[in-house]
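# Commentary on secondary and tertiary structure
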2 protein chains.
Amino acid sequence: MSALKIDIHSHFFPRITQAEAARLHPQRAPWLHTDGRHGQIMLGDKPFRPVHDVLWDPLRRIEHLDEQGLDIQVMCATPVMFGYDQPIERALPWAQLMNDRALEMAAVAPDRLKVLAQVPLQDIEAACCEASRAKDCGHVGVQIGNHVGDLDLDDAGLETFLHHCAKEGIPLLVHPWDMMGGERMRKWMLRWLVSMPAETQLGILSLILSGAFERLPESLRICFAHGGGGFAFLLGRVDNAWRHRDIVREDCPNLPSSYVKRFFVDSAVFDPRSLRLLVEVMGADRVMLGSDSPFPLGEQSIGAGVLEHPGLTDADKSLICAGNAREFFGI
Amino acid sequence: MSALKIDIHSHFFPRITQAEAARLHPQRAPWLHTDGRHGQIMLGDKPFRPVHDVLWDPLRRIEHLDEQGLDIQVMCATPVMFGYDQPIERALPWAQLMNDRALEMAAVAPDRLKVLAQVPLQDIEAACCEASRAKDCGHVGVQIGNHVGDLDLDDAGLETFLHHCAKEGIPLLVHPWDMMGGERMRKWMLRWLVSMPAETQLGILSLILSGAFERLPESLRICFAHGGGGFAFLLGRVDNAWRHRDIVREDCPNLPSSYVKRFFVDSAVFDPRSLRLLVEVMGADRVMLGSDSPFPLGEQSIGAGVLEHPGLTDADKSLICAGNAREFFGI
């Protein structure tokens, strides 16, 4: 089959100088140290992650799309750019700067590079305004972190933001960030291998078990990254708990698994057995190709896990690689 | 098929009075409030969990085994009994008291009720001594929590304990407890639905990515509860990270998935699709029937998930329901 291939989960990080970053926070805001094709995302004076130019250079990005046989790639901020813990006076202009940079990067090939905005989620009114402004400027949706400090997606303010996006027709990608577990996760990228799936599981369950999906319109388009963390595998445990323990179901009138038709996940699970389970649990109409590119923890051959899967039908592959994304983002 | 059925993951909680509990800690140690068949596990003056007499009454427990068609059930402490945060002067006698009570409960039907000991893991020397004492007294193994404060299973002291158990032929069940996420997990049993799987994932990865499995003898028998948390589903993500990021593999010389033959998991995943994935990833020789009984989050019809599974062979079912457990615990 020769299908259209749309990658809905990829990151960018613009060329931000240390001086620009200092406007958000002198020590903690991220900036890019580079002298050519390679670089380092820095937090103040500390290196955060080694990166390469596909992350910031639009021409190299397009070359990368060509190499990968990708028709369209949806790019969003690297979560370290969110700045949710900063005062809104600094966080709003920061988000706007990042969003404008994203559009500049996409402008080199606007039919192939699409961008999601970031919003200052610590201030719901400002976040709603920036989401709407970004939509008007050409962003195809918004990426949010799965929480703001101790506030998860069941928080009344965050629910207001979700209502706003549903009303305005702004699709959302939820990305785990600011990962739980503290110092216990300091080694071996455990924050990415343990905490991130847990953050995503918490994000999804915060919407289900709080009853938020009962209040939100069905028109809300919301997608969780990394195949929804461990959600698909753990859903049986959640349903069982809902059935047998009153405090699990007190705010959630229906079986948790009945809500899988209310959200999407990407396909970034890196194992054909996990992908099969994911598609079984979510349905092929609820999974979208997402690579987490161009980071080392992303899919190196974008879409191979879906297209070469022995158990998915051509119709499933077509939905996952493009059809669902076209509808979800209206692209 | 009419197979032997052995449940390797079930809990007990003895009739502990508030005065007995005060010997461990006046406000925080657990005790049983009951006036008959129902009761409440209390922490000081605060109710922790509603429970019923199958949890503490050996005759009711045997009736329960008969109702469930279970030949043998392995019981272990309810993790709230661990007491790892207390001074060893109080924690050691406490563990010994709990272990003696466990044996008393099992004594009513020693061929059918088997017990795992608890050990004061905050003091490795005392933990090793108590594990050996318990083995001599008739415990078939030891249950440990997956961490002691900020120390995970890669900690040198905990690794010493694992070496001791391997040398002495003491099998281990690792149970998640003292769950990460703090106040964000306060509602809807999120500690059980998000944090517990994450704790288990952290426990397994602490052994794999630290290189501990390279140092521990292959004779170590160690099993993780709840199907290993999200491990089986997330393993592709871990392998991918190991392949592409140096800091993931710096202490672990082999692909993470190559270590699945070094540990066991129980079958408590509550979904046939998840169980199929679990058996595919771990192998039928690495999964043991575990119910988490008699709690509401346990399997209500013990073994049904395995025995009625449409995709497992009779040979797989026989291994999972009894064969693996007989070898693992030597029962």
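From a predicted model like this one, the values you see are computed outputs, not experimental measurements.

## Structural notes on the overall build of chain A
Looking only at helices and strands, chain A has twelve helices and eleven strands in total. What you see for chain A is a C-alpha radius of gyration of 19 Å, in line with the 20 Å of a compact globule of 331 residues. By its C-alpha atoms, chain A is 55 × 50 × 40 Å across when sized along the principal axes. Counting only residues that meet the buried cut, chain A has 63% of its 331 residues in that class.

## Things to note about the interface of chain B and chain A
For an interface, size is often stated in terms of accessible area lost upon the parts coming together. Every contact between the two is made by 61 residues of chain B and, on the other side, 61 residues of chain A. In total, chain B and chain A occlude about 5,400 Å² of area from one another, counting both sides; carbon and sulfur atoms represent 63% of this. When the buried area of chain B at its contact with chain A is split by residue, B:Arg184, B:Trp188 and B:Arg237 rank highest and sum to 19% of it. The tally of links from chain B across to chain A stands at six salt bridges.

## Notes on the UniProt feature "domain: Amidohydrolase-related" (unreviewed entry) in chain A
Residues annotated in UniProt with the feature "domain: Amidohydrolase-related" (unreviewed entry) correspond here to residues 6–331 of chain A. With 41% helix and 16% strand, residues 6–331 of chain A has its two end C-alpha atoms placed 10 Å apart.

## A word on the relation of the copies chain B and chain A
The two copies are related by a screw motion: chain B maps onto chain A through a turn of 180 degrees and a shift of 0.0 Å along the axis, at an RMSD of 0.0 Å. Taken together, these values place the two copies in the relation of a two-fold axis. Judged by C-alpha distance, B:Gly230 is the residue of chain B that lies nearest the rotation axis, at 2.6 Å. Interface residue correspondence from chain B to chain A reaches 100%, placing this contact among same-surface, isologous pairings.

## Regarding the nonpolar core
Proteins that are soluble and globular tend to have nonpolar side chains buried together. In this structure, A:Ile144, A:Phe161, B:Ile144 and B:Phe161 are the most contacted members of the largest nonpolar core, which totals 208 residues. Setting aside residues up to four positions removed in sequence, B:Phe161 forms contacts with B:Val119, B:Leu121, B:Ile124, B:Ala127, B:Cys128, B:Ala131, B:Val142, B:Ile144 and B:Leu172.

## Observations concerning the pairing of strand β6 (residues 113–117) of chain A
Residues and elements named next belong to chain A. Counting buried positions over the five residues of β6 gives five, a clear majority of the element. Alternating positions in β6 separate into two faces, Leu113, Val115 and Ala117 on one and Lys114 and Leu116 on the other, with burial throughout. Where strand β5 (residues 72–77) meets β6, three bridges bridge the pair, whose relative direction is parallel. Counted as the bridge partner of methionine 75 is valine 115 from β6. Between β5 and its parallel partner β6, the chain crosses via helix α3 (residues 88–106), and the hand of that crossover is right-handed. Sheet topology note: the β6/strand β7 (residues 141–145) ladder contains two bridges and is parallel.

What counts and how
- Residues numbered from 1 in each chain as written.
- Chains lettered and ligands numbered in written order.
- Predicted model: local features only at pLDDT ≥ 70, side-chain atom pairs only at ≥ 80, totals over all residues.
- Heavy atoms only, no water.
- Helix = DSSP H or I, 4+ residues; strand = E, 2+ residues; numbered from the N terminus.
- Rg over C-alpha atoms; globule rule 2.2 N^0.38 Å.
- Buried < 20%, exposed > 50% of the residue type's maximum accessible area, 1.4 Å probe, protein only.
- Contact = heavy atoms within 4.5 Å.
- Buried area = accessible area lost by both parts, 1.4 Å probe.
- Salt bridge = Lys/Arg side-chain N within 4 Å of Asp/Glu carboxyl O.
- UniProt positions renumbered as here; feature names shortened; annotations may be inferred.
- Least-squares fit on C-alpha atoms with pLDDT ≥ 70 in both.
- Core = buried A, V, L, I, M, F, W, Y, C linked by side-chain atoms within 4.5 Å.
- Pairing = 2+ DSSP bridges.
- Right-handed = clockwise from strand over helix to strand, strands pointing away.

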